[in-house]
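Here is how the chains run, residue by residue.
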Amino acid sequence: MSVLSEKSVFTSLNQFGPLAVQDTVQLNERSGLQAKAWVKKLKQSELNVTKYRALRRQIFEFLNISSFQEIPRLIEDHSSRQACSLRAFTLLGNMFGIGGSQAEIKYRVNEYGHTADSVINSLKNKIFAPYSSHVAITNEVEITTDPVDLLLMTFDNRYHKKARFEAQRKLSLMSLAGSIDQRERETGIEEKFAQFLTFLNNYVWSKNLKIGEHDIVYLLSNHHSSDFSCTDVQVVKKEAAPGISLEKGQKLTLLKRRRFSAGGRELPIYVSIRKKPPEAKVLKLLRKNEKNPAIAVDDELGLMAVLDSAADVKTFQNHLTQSAGKADSFMILEDISDTLTGGRHKATSTGSCSKTPMLKFFARLGGMRVEFIIHTNRSWVNYMYQRDVAHDEYEVKRIFDSGVAELLFPGDIYFLNHQTVRDNMIELCRKQIEEAWRWTKNGTG
């Protein structure tokens, strides 16, 4: 479900909906053509009427007022606003289960504000990089983390429409960040992540390599001209890489590999262990049109691995089960999907492609549920570079196709045509992938 649909849980941010930020704020006008038109639009959906009433009650309770007409007094009276902020921090501390002093609660809420800014800046610096000047946050909004100040900003006509929208957006993102933080504290995700790393280092990886030590190799791959899929791939030692002159349709990709012992042999494996930053979890809730923090937190533990062959993949899978036993834990595999040997997986995420071959499963062990995504060298190269499959393309598509781009950066406020931006960013992504780079004295170009 798109975050822009009528059933979106983010109605307050939807500039196509009845709660859209207007050019001016009219707190004292209950009649007039604009007010009547707004009420008529709101009443077109009973669901939106219910959402508006709930939001209005929340605003009144949060600001400790009984009508919108009291808001100008809070805007103008510094002492009243300060008292309101102190009360609000107490309310938020109780809502998010934050223990400690007022200063500790304020620090935690300020962190939610920084996470909200990081959501926007992460998109600005990557997916919207050529359009960074369009989507940059208004300075006054970026430096503000007090929720009361942000809320009052949305009702203050001294601020431009863009700034008022960004204040409203920041409050919504802060609320998601707070819910995620609360869920992480409840589930002990940080402790589980440390426990997972300990399990890998003590029972899975070879003891012949130090913790953090890797064997560095390169994958030299050739790609089909029609869709840039991998036609063949070979492992190249790091010493030989500088002497390779890439031709059109070739890629040279660095891998830092660990090893694991199985059947008297040591097999190489590239591993990427997932630990999502807070802003990535907030974006996941937006893409999924969810406010339930479990959606973003409960699958945080994950590992992606790349091995030389499908046979090595099966060997590693067996090695994991045996390693869990050595750690005094039974391990079961759930939700297994294997398309490495043919077929397609069912793509359920917006923007994803069913052509991506992989072995995917969840492993339950030691009180944890960990997602594993396992590739061969060839399938991983396709995951990185193939048209309509490459992960960089997927990241662009899921932000736009889910409606999140329009939700966070409404076209009428940011002067953006999102279909054009989407197409341009995919084209830029393909250009960066398919253009061969030259070797430099420092490694890669």
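Just above, that's the structure.
Residues numbered from 1 in each chain as written. Predicted model: local features only at pLDDT ≥ 70, side-chain atom pairs only at ≥ 80, totals over all residues. Heavy atoms only, no water.

A. Region of the structure containing the sheet that holds strand 5 (residues 302-307). If you trace the eight strands from one edge of the open sheet to the other, you get 2-1-3-4-5-8-7-6, paired in mixed fashion. Edge positions in the sheet fall to strand 2 (230-237) and strand 6 (332-338), since each has one partner strand and no second. For this sheet, the mean inter-axis angle between neighbouring strands, taken without regard to orientation, is 35°. Note: strand 1 (residues 215-223) against strand 2, seven bridges, orientation antiparallel. Among the inter-strand pairings, Y218 is bridged to a residue of strand 2, identified as V236. (Pairing = 2+ DSSP bridges. Helix = DSSP H or I, 4+ residues; strand = E, 2+ residues; numbered from the N terminus. Axes fitted to C-alpha atoms, helices over the stretch in contact; angles between N-to-C directions.)

B. Region of interest: helix 10 (residues 189-204). Relative to the 22 Å expected for 16 residues at 1.5 Å per residue, helix 10 spans 21 Å between its end C-alpha atoms, a close match to the ideal helical length. Regarding helix 10, the residues found buried are I189, F193, F196, F199, L200 and V204. The buried side chains of helix 10 occupy one side of the element, clustering within an arc of 120° when seen end-on. (Expected span 1.5 Å × (residues − 1). Buried < 20%, exposed > 50% of the residue type's maximum accessible area, 1.4 Å probe, protein only. Arc of directions from axis to C-beta.)

C. Structural view of unusual backbone geometry. Within the chain, N64 stands out as a residue other than glycine whose phi angle is a positive 60°. Among the structural elements, N64 can be located in the loop between helix 2 (46-63) and helix 3 (71-76). The phi torsion at D328 lies on the positive side, around 60°, for a residue other than glycine. Along the chain, D328 falls in the loop between helix 13 (310-326) and strand 6. Relative accessible area serves as the criterion here: at 75%, D328 is assigned to the exposed category.

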